Amino acid sequence: MTAETPKERRRLLNIARMLIEDTDEEHGLTMNEIIERLGQLGIPSERKSIYRDIKALREAGLDIYQQHRAPAEYGLRERQFTLEELSLMVDAVQSSLFLTDRRSNQIVKKIYRLASSPQQGALKRIVHVEGRVRTQDSSAIKNVNAVQRALGQRRKIAFTYYDYAVDGTRTPRKSTDGKIKHYLESPLRVTYSDGRYYMLSYNAKHKGIAVYRIDRMRQIAMTDEPAADNETTRNFSGETFANRSFSMYGGNPLSVTFLVDAKAVNAFVDRFGSHLSIEVVDEGHARIVADVLGAPTFYGWVAQFGDQVRIEKPQALADDYCAWLRTALAVYE
């Protein structure tokens, strides 16, 4: 058996490339098109050699079909991702508030390259996402990686944190003495919610769970100090926290009983899941029990239902909610 020449290797690799980039289940290349393309690359070829190369590529694992029609077409039947899956990826990237416009566009272009060239046109027509207010911080992904490294090595991390001042400028959060505040936390989980990445951590000072927007963290550094290991950290469940919290705000864990109008039951199932405890009161009302974290964001969620939802228990939570409503109303009086 003679060894392959450089020309034969180039021909084989270029046939594989054009099948991967330009064909799919619905779009193939005829033998004449393959020969013409190879010729444009300076690789004159015969049908017999191309048949041999296609056979070798099939033996290597490429699912190359031949459509028996005039003229016959050759193409890659099974791609790594379907067009629908690629559409979901593009939509997820374009919808992410965590990515800058520049980074989002870079990733979307890479996703396009996972499709065949005919599919790319369809993909661009399928996906259209209106403009969203994105982060302006290009270091956000690096911040996620830094937190993940600390999680992997079970170390505490140090960082500063910024907020937006009244004039809209980013300002480092400060201590009561006016100095920039430095945080030292034991990371427990990185989670994604409402288009943002958050770090859930154990705060030793308050002996509880803290939440930080990762794109607002600065000067992140993994320390040599081991992460906290106690009953709270060992029993922590990111899923439970996410299910109980609203917009990733912390608060006191509570079991809350609601009297809910039938029109609002759908929203409760959507928010808490179908495992809710639901008791039918009458044709128009249900009594629902759900575990939540009491916080202003929770009050805002309840307020959207107006008189369709009432907090029955605990009474202290209902009182706090009423006080929150009165404070909001007082602004307009």
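What comes next is a walk through the structure.

What counts and what doesn't
Residues numbered from 1 in each chain as written. Predicted model: local features only at pLDDT ≥ 70, side-chain atom pairs only at ≥ 80, totals over all residues. Heavy atoms only, no water. Helix = DSSP H or I, 4+ residues; strand = E, 2+ residues; numbered from the N terminus. Buried < 20%, exposed > 50% of the residue type's maximum accessible area, 1.4 Å probe, protein only. Contact = heavy atoms within 4.5 Å. Areas by Shrake-Rupley, 256 points an atom, 1.4 Å probe, with all protein chains shown as cover. Pairing = 2+ DSSP bridges. Arc of directions from axis to C-beta. Axes fitted to C-alpha atoms, helices over the stretch in contact; angles between N-to-C directions. Parallel < 35°, antiparallel > 145°, perpendicular 65-115°, else oblique.

Structural notes on the overall build of the protein chain
(1) Moving on: Each helix and strand in the protein chain was counted, giving 12 helices and 13 strands.
(2) Moving on: Of all 333 residues assigned to the protein chain, the portion counted as buried reaches 38%.
(3) Moving on: Long-range contacts, defined here as pairs at least 24 residues apart, represent 65% of the contacts in the protein chain between residues at least 6 apart.
(4) Moving on: When the accessible surface of the protein chain is summed, it comes to about 20300 Å², and 50% of that surface belongs to carbon and sulfur atoms.

Structural notes on the environment of Asn-14
(1) Moving on: By the secondary structure assignment, Asn-14 is in helix α1 (residues 6–22).
(2) Moving on: Separated by 23 residues in sequence, Asn-14 and Arg-37 have C-alpha atoms that sit 9.1 Å apart.
(3) Moving on: Sequence-distant contacts of Asn-14, that is, excluding residues within four places in its chain, are made with Leu-38, Leu-41 and Ile-43.

Comments concerning the pairing of strand β3 (residues 73–76)
(1) Moving on: By the alternation rule, side chains of β3 split into Glu-73 and Gly-75 and Tyr-74 and Leu-76, which are all buried.
(2) Moving on: Inspection of the sheet shows strand β1 (residues 29–30) paired to β3 by two bridges, in the antiparallel sense. From the neighbouring strand, Thr-30 faces β3, where its bridge partner is Glu-73.
(3) Moving on: Two elements, strand β2 (residues 64–67) and β3, share four bridges in a ladder whose sense is antiparallel. In the strand pairing of β3, Ile-64 is matched with Leu-76.
(4) Moving on: The hairpin formed by β2 and β3 contains five residues between the paired strands.

What about helix α10 (residues 265–272)?
(1) Moving on: Of all the residues in α10, the buried ones are Val-265, Phe-268 and Phe-272. Buried residues in α10, looked at end-on, bunch into an arc of 60°, giving them a common side. Turned more than 90 degrees away from the buried face of α10, the exposed residues are Asn-266 and Asp-270.
(2) Moving on: The first or second residue beyond α10 is Gly-273, which carries a positive phi of 100°.

A look at the packing of helix α11 (residues 296–303) against helix α12 (residues 315–330)
If you want to describe how two helices pack, look at the angle between their axes and the distance between the axes.
(1) Moving on: For the pair α11 and α12, interaxial distance at closest approach is 10 Å and the crossing angle is 80°. Judged by the angle between their axes, α11 and α12 are roughly perpendicular. Listed contacts from α12 to Pro-296, Phe-298, Tyr-299, Gly-300, Val-302 and Ala-303 of α11 are Leu-317, Asp-320, Tyr-321, Trp-324 and Leu-325.

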